[in-house]
Amino acid sequence: MKPNPIHRLPAPLEAAVQRLKLAAREAAERTIESLGLAALAATHAFQRDGLLAAQFELNRKSAVFILAFNDAFDERMVRELGAAAMANHTRPSPLATSTAAAPAAPTSWDALTLVENREVEAQISAERFGLEVMHSCEWELRELDAYVATLLAEAGSERGDRNPMRPEIIGHAMIRGVEAVSDREDVRKVLSTEFSRSLGGLLRSTYGGIVSDLRKAGVQPLGLTVRQRIGAARDGGDSQLGDSLHGVPPGDSRHGPRAGPGGHQGLHTTGHGAHHGPSTRNGYSSTRGGTPLGQVDPALMTLIRRLAYHDAYQPTGSGTQEWADGGGLGDSVSRAPLPNLIHAHRDELRQASTGTVDHMVIDVIGFLFDQILSDPKVPPQMARLLARLQLPVLRAALGDPSFFSSRKHPVRRFVNRIASLGAAFEDFGEDTAREFLAKVRALVQEVVEGEFDQIEVYQQKLLALEAFVAEQSLRDAQSDGGAAALLQEKEDELRLRQLYADRLAGELKDITGPTFVRDFVSRVWSQVLLRAAANGGADGAQAQKLRRVGSELMLSVQPKPTPTHRKAFLAALPKLMQDLTEGMNLIGWPEPQRRAFFGQLMPAHAEALKSAAVRQLDLNLMAKQVEGALQRPVPSAEELRAQPVLPVLNDEVSAPQLSAAEAKRVGLLEDAAVNWTGNIDIDLAAEPEAPPPSTEPAAPGLPAMTEAAEATQGRELVDNIQIGFAYQMHLKDKWEKVRLAHVSPGRSFFMFTHGKRHKETVSLTQRMLIKLCETGRLRAYEQSTLIERATERARRQLATLTAQPPRSARA
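Residues numbered from 1 in each chain as written. Predicted model: local features only at pLDDT ≥ 70, side-chain atom pairs only at ≥ 80, totals over all residues. Heavy atoms only, no water.

Novice: An account of the overall build of the chain is needed here, citing residue identities and associated values.
Specialist: Within the chain, the secondary structure is distributed over 31 helices and eight strands. Here the chain holds 811 residues, and 49% of them are scored as buried. In the chain, of all internal contacts separated by at least 6 residues, the share reaching a separation of at least 24 is 78%. As displayed, the chain has an accessible area near 39000 Å², and 54% of this comes from carbon and sulfur atoms. (Helix = DSSP H or I, 4+ residues; strand = E, 2+ residues; numbered from the N terminus. Buried < 20%, exposed > 50% of the residue type's maximum accessible area, 1.4 Å probe, protein only. Contact = heavy atoms within 4.5 Å. Areas by Shrake-Rupley, 256 points an atom, 1.4 Å probe, with all protein chains shown as cover.)

This is the structure:
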């Protein structure tokens, strides 16, 4: 029996090998069962006899198959890894040591032999098996390659660029195991066919389990970075690929400077683990500490980087960098056809890539950008900037399948956010639009020239873009006649009312009596006390008087122990009703709520007059507790800001109070200004509505969408509304395109702007916003995001091309 060398592998890699051997054992059991079922379903006696014979041999010699598979797999592992990787981990066995130390014997012509046909056929069968398996588990293999490469680099493997557990190696071991089971060629053929099905079906889940184990063991996937080598500029401005791909040990941060447009430096792809490190010269930062967007072949990654950097400085016919820099800033920029870099370099990209999935992704992203660059809702200025992200997006899609399946993917969100924010501007000649365009241009430039193969790059740029838009919107809102400041003041009033109401509700919750009275004092009378304190001070005569009225109201519904108490209550009741009305008038409490309250209060008073007597001591203690709660100072704005968590507004206190002048100043939309019974159908003749977001994959073989799309209309839109986005609002019996310019911190007020030269402001309370959304009078300008719209159109385009017969057939 051959010595098993696998114990000298790194522990995580040894566990992976054992997983594959267990998969082969399970495949043998499945093959025995499938051969029996196939024999029962056979229609010819000759075919049935062959299947039964193969089942008999495998059932009798399944242990032989497993031993032969394991020996052949171990032998190929040693050959793939080399002696250096095996010796660097543990002390090798004496046999391995003597073999490694033996001098190479001189080669003579007599030692040369021809390869037998059987060996050639076995190799062909193993390669065919490997190709079949790769089609079904290409994503899992790509992830596994990155993790295994890290382990092999640490082990000092001489061939760390190849996965020693790839399907071809497993196929070779499978063929050796089948040969050990039987000498009959017909039996071997049947067994090889059945094993290919059973083992091929198990490898996808096995590879996925290995990747999960390596991730849990703390193994970091091998990352990619670009290392520059100082060299002379090439004539013609073309970029040459540098030396051959080679590895740099962890901790090496050697990076050369980036060349300018005139002469590009040689590019080197460097593989190492993920570590954080300082920036290199000329601001070109290393990839340490980043999370790679999956694994991509190093040669393909080098080509993508070269094309992204080279085409960023590719001049147009006029000798300017117009398309690369985003064109002009004003409205004069025309929607000229933008170059599709993926289509232009399709042959190069396909030659550098491996596997049908990569080829499919290249074509899908190419068609995707055909639609992105021609989308009618994307302004030409933004389309020119999005065009520069073609190759970074392709890199993300090639390495990370979640780009197609997750709407929250950072690359998708970054592209969609640029398009959505850009579509909200009506005039790119205004200062706000110019600032936004300059910011997006800078962020895109940083992505293209940075480490765009890492997730953190897009997350950081997305956060920077959102922060810029929020800051810009707040600055513009504050300069717009102080409307934002006024809304902030009104929201603070609402939050003070909420804070005081919650405080009183907590202090009065143990007071016996009707619930509606406690709610009235805490929710409504608290507003009266706040208004009195604002008018004449917290210790003013009006505030003190209204505090006493609140106490008297709470005690008026308590039982009256003696006739004297009942007589005093009846004598004071008219004055109490008068004082209550005065307080309600102070805050403008609506008449319907007043009638409802008094309708409950009168029966409560009648019940108090005929209730059973209570102890005077209990009434005194209760009166003391009520007076203590109402005599405490009302909260101030400083106290509100000091709260660690702002109080949540509810329907009982969230009705803002603006005077007619204040409402006009902020453009507050009142209920009376909206024709709630009018027709609100949008005329879609001029601009067809985008189809609803689909969960179908972009192309067969790619992952399907796993998340629901964000709401673009209806009640759910209220929770998804975002600053800087465009919306359709039904105003004055017609639809207007509006831009959300400001949202108060507590989301109590929402301020929109619309118009080009003469901007108008429309402010909504949260109640009005909800009502407009529920009635369909406010909806998103984009019914689906840019990438989803482009994907839907690209899917139809691909289906049309697939349905067309080949050119030779048409001829």
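Here the narrative resumes, following the displayed structure.
Novice: Now, about the sheet that holds strand β5 (residues 734–743): what can you tell me, with residues and values included?
Specialist: Sheet architecture is open: five strands sit in the order β7-β6-β5-β4-β8, paired in antiparallel fashion. The open sheet is flanked by β7 (760–765) and β8 (778–780), the only strands paired with a single partner. In this sheet, neighbouring strand axes are inclined to one another by 40 degrees on average, regardless of whether the strands run parallel or antiparallel. Bridge analysis of strand β4 (residues 726–731) against β5 gives six bridges, and the strand direction is antiparallel. Within β5, the position partnered with Met729 by the bridge is Glu736. The strands touched by helix α20 (residues 483–508) within the sheet are β5, β6 (749–754) and β7, with β6 carrying the most contacts at an inclination of about 160 degrees. (Pairing = 2+ DSSP bridges. Axes fitted to C-alpha atoms, helices over the stretch in contact; angles between N-to-C directions.)

Novice: Before we move on, could you go through the packing of helix α21 (residues 515–536) against helix α23 (residues 563–587) and cite the residues and values that matter?
Specialist: Their axes nearest at 9 Å, the elements α21 and α23 cross at an angle of 70 degrees. The orientation of α21 relative to α23 falls into the category roughly perpendicular. Of α23, the residues touching α21 (which contributes Phe520, Val524, Trp525, Gln527, Val528, Arg531, Ala532 and Asn535) are Asp579, Leu580, Gly583, Met584, Leu586 and Ile587. For the contact of α21 with α23, a count of residues per class yields nine nonpolar, three polar and two charged. (Parallel < 35°, antiparallel > 145°, perpendicular 65-115°, else oblique. Nonpolar A, V, L, I, M, F, W, Y, C, P; charged D, E, K, R; others polar.)

Novice: Outline the packing of aromatic side chains, supporting the account with residue identities and numerical values.
Specialist: Under the defined criterion, the tally for this structure stands at 14 aromatic pairs. Judged by centre distance (5.3 Å) and plane angle (35 degrees), the ring pair of Phe425 and Phe436 falls under tilted. You can see Phe425 sitting in the loop between α17 (410–423) and α18 (431–449) and its partner Phe436 sitting in helix α18, a full eleven residues away along the chain. A relative accessible area of 5% means that Phe425 is categorised as buried. Ring geometry for Trp589 against Phe597: centres 6.4 Å apart, planes inclined by 75 degrees, an arrangement best described as edge-to-face. With a relative accessible area of 4%, Phe597 lands in the buried category. Among the aromatic residues, ring-to-ring pairing joins Phe516, Phe520, Trp525, Trp589, Phe597 and Phe598 into one connected group. Directly above the ring of Phe403 sits Arg412, whose terminal nitrogen or CZ lies 5.8 Å from the centroid. (Phe/Tyr/Trp six-rings, centres within 6.5 Å; stacked < 30°, edge-to-face > 60°. Lys NZ or Arg CZ within 6 Å of the ring centre and 35° of its normal.)

Novice: I'd like a description of the nonpolar core, backed by residues and values.
Specialist: Buried together is how nonpolar side chains tend to be arranged in soluble globular proteins. Counting residues in hydrophobic clusters, the biggest one holds 94 residues, and the most contacted among them are Val361, Ile365, Tyr727 and Phe752. Per-element tally for this core: the top contributor is helix α13 (residues 356–373), with ten residues. Not counting residues up to four positions away in its chain, the partners in contact with Ile365 are Ile342, Val393, Leu394, Ala397, Phe403 and Phe404. By size, the runner-up hydrophobic cluster in this structure holds 52 residues, among which are Val17, Val133, Met165 and Ile210. (Core = buried A, V, L, I, M, F, W, Y, C linked by side-chain atoms within 4.5 Å.)

Novice: Quick rundown of the pattern of salt bridges? Include the residues and the values.
Specialist: Throughout the structure, instances matching the rule amount to 39 salt bridges. We note a salt bridge from Arg184 to Asp186, for which the minimum N-O separation is 2.9 Å. Given the relative accessible area of 42%, Arg184 is considered partly exposed. One network of salt bridges, in which partners are shared, links Asp375, Glu782, Arg789 and Arg793. (Salt bridge = Lys/Arg side-chain N within 4 Å of Asp/Glu carboxyl O.)

Novice: How would you sum up unusual backbone geometry? Please name residues and give values.
Specialist: With a phi angle near 50 degrees, Lys732 is a residue other than glycine that sits in the positive phi range. Owing to a relative accessible area of 74%, Lys732 belongs among the exposed residues under this scheme. With a phi close to 65 degrees, Asp733 is a non-glycine residue in the positive phi region. Of the residues examined, Asp733 reaches a relative accessible area of 52% and is grouped as exposed.

Novice: Tell me about the environment of Ala572, and please be specific about residues and values.
Specialist: Note on placement: Ala572 falls in helix α23. When the C-alpha positions of Ala572 and Glu552 are compared, they lie 9.5 Å apart, and in sequence the two are 20 residues distant.

Novice: Which residues make up helix α25 (residues 616–631), and what values do they have?
Specialist: Helix length check: α25 (16 residues) gives 22 Å between terminal C-alpha atoms against 22 Å at 1.5 Å per residue, within 8%. Regarding α25, the residues found buried are Leu619, Met622, Ala623, Val626, Ala629 and Leu630. Take α25 and look down its axis: the buried residues cluster within an arc of 130 degrees, on one side only. Among the exposed residues of α25, those oriented more than 90 degrees off its buried face are Leu621 and Lys624. (Expected span 1.5 Å × (residues − 1). Arc of directions from axis to C-beta.)

Novice: If you had to explain the side chain of Asn340 to someone new, which residues and values would you point to?
Specialist: Turning to its location among the elements, Asn340 is positioned in the loop between α10 (322–325) and α11 (341–344). Engagement of the side chain of Asn340 in a polar contact is seen with the backbone nitrogen of Ile342, the distance being 3.1 Å. There is a polar contact of 2.7 Å between the side chain of Asn340 and the side chain of Asp370. If sequence neighbours within four positions are ignored, Asn340 has contacts with Gly366, Phe369, Asp370 and Gln390. (Polar contact = N/O pair within 3.5 Å; in protein donor to acceptor, adjacent residues only side chain to side chain.)

Novice: I'd like a description of the side chain of Thr31, backed by residues and values.
Specialist: Position of Thr31 among the secondary structure elements: in helix α1 (residues 11–41). Since its relative accessible area comes to 0%, Thr31 is described here as buried. Among the polar contacts listed, one links the side chain of Thr31 to the backbone oxygen of Ala27, at a separation of 2.6 Å. Ignoring any residue separated from it by four or fewer positions in sequence, one finds Thr31 in contact with Leu58, Glu194, Phe195 and Ser198.

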